[in-house]
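# Fold and geometry: a report
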Amino acid sequence: MRKSIIPSDQPAPADVWMNPDSVARVEVSSEEPEHPVEAALLPGTGWRASRPGPQTIRLVFDGPQHIRRIRLRFVADAYTRTQEFVLRWVNAASEPREIVRQQWNFSASGSIEEVEDYRVDLPGVIELELVVTPDISGGNAHASLAEMRVA
């Protein structure tokens, strides 16, 4: 019998992460020059908004994509806060549909990282949108995203 151990932090062979640079245009509501959006979509240091408040990252695909997995990783800054994000998708025949809406409590003394890994079955995706509200109480926190991977 042949066998091998699959590392739990690696995508399964069928889950090859898309290179957004080759299949999509990226729209972003704001970004700091030192932390552009591509630093979250490709291996890098992550994205950070240039201003506080809700922010949007949208992948507009060159052609319909069948998406089976979405991985998001957020890392907290110095602010204790409750963040909310909404992940939506659009196909050619529909209005935006919500995949998930989730809140997370970041705390400098404990919860500093949020990782979400969604198994989905989304055929014909032409847009994938992430809206991040970094502080639902309206504070001055800037939205950030350490990593977003799509397969």
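Above this text you will find the structure in question.
Treat the numbers as computed from the prediction; the structure is a model and nothing was measured. (Residues numbered from 1 in each chain as written. Predicted model: local features only at pLDDT ≥ 70, side-chain atom pairs only at ≥ 80, totals over all residues. Heavy atoms only, no water.)

## Let's talk about the overall build of the protein chain
When helices and strands are counted, the protein chain shows 2 helices and 8 strands. In the protein chain, the succession of helices and strands from N to C terminus is α-β-α-β-β-β-β-β-β-β. Here the C-alpha radius of gyration of the protein chain, 16 Å, is about what a compact globule of 151 residues would show, namely 15 Å. The principal-axis extents of the C-alpha atoms in the protein chain amount to approximately 50 × 45 × 25 Å. A burial count over the protein chain gives 43% of its 151 residues as buried. Residue pairs at least 24 apart in sequence account for 70% of intrachain contacts in the protein chain once pairs closer than 6 positions are excluded. Element-wise, carbon and sulfur atoms account for 50% of the exposed surface of the protein chain, whose accessible area totals about 8,300 Å². Distance from the positive charge centre (16 side chains) to the negative charge centre (22 side chains) of the protein chain: 6 Å. (Helix = DSSP H or I, 4+ residues; strand = E, 2+ residues; numbered from the N terminus. Rg over C-alpha atoms; globule rule 2.2 N^0.38 Å. Buried < 20%, exposed > 50% of the residue type's maximum accessible area, 1.4 Å probe, protein only. Contact = heavy atoms within 4.5 Å. Areas by Shrake-Rupley, 256 points an atom, 1.4 Å probe, with all protein chains shown as cover. Lys, Arg positive; Asp, Glu negative; His and termini not counted. Charge placed at Lys NZ, Arg CZ, Asp CG, Glu CD.)

## Observations concerning the environment of Glu95
The topology assignment puts Glu95 in the loop between β4 (81–91) and β5 (97–106). Counting along the chain gives 16 residues from Glu95 to Ser111, while the straight-line C-alpha distance between them is 35 Å.

## Comments concerning the nonpolar core
Where a protein is soluble and globular, its nonpolar side chains tend to be buried together. Core analysis: the largest hydrophobic core is formed by 31 residues, its most contacted members being Ile67, Leu72, Leu87, Leu128, Leu130 and Met148. Put simply, the parts of the chain that give this core at least two residues each are α2 (38–41), β2 (47–52), β3 (55–75), β4, β5, β6 (113–133), β7 (142–145) and β8 (147–150). With residues near it in sequence (within four places) discarded, Met148 still touches Ala40, Leu41, Leu59, Arg71, Leu72, Leu87, Leu128 and Leu130. (Core = buried A, V, L, I, M, F, W, Y, C linked by side-chain atoms within 4.5 Å.)

## Comments concerning the pattern of salt bridges
All chains considered together, the criterion is met by 13 salt bridges. A salt bridge links Glu27 to Arg58, with the shortest nitrogen-to-oxygen separation between them at 2.6 Å. Here Glu27, found in strand β1 (residues 24–28), pairs with Arg58, found in strand β3; they are 31 residues apart in sequence, far enough to count as distant. Taking relative accessible area as the criterion, Arg58 reaches 23% and is therefore assigned partly exposed. The partner of Arg58 in a salt bridge is Glu127, with the nearest N and O atoms 4.0 Å apart. You can see Arg58 sitting in strand β3 and its partner Glu127 sitting in strand β6, a full 69 residues away along the chain. Since its relative accessible area comes to 27%, Glu127 is described here as partly exposed. Within the structure, one salt-bridge network assembled from shared partners comprises Arg25, Glu27, Arg58, Arg88, Glu127 and Glu129. (Salt bridge = Lys/Arg side-chain N within 4 Å of Asp/Glu carboxyl O.)

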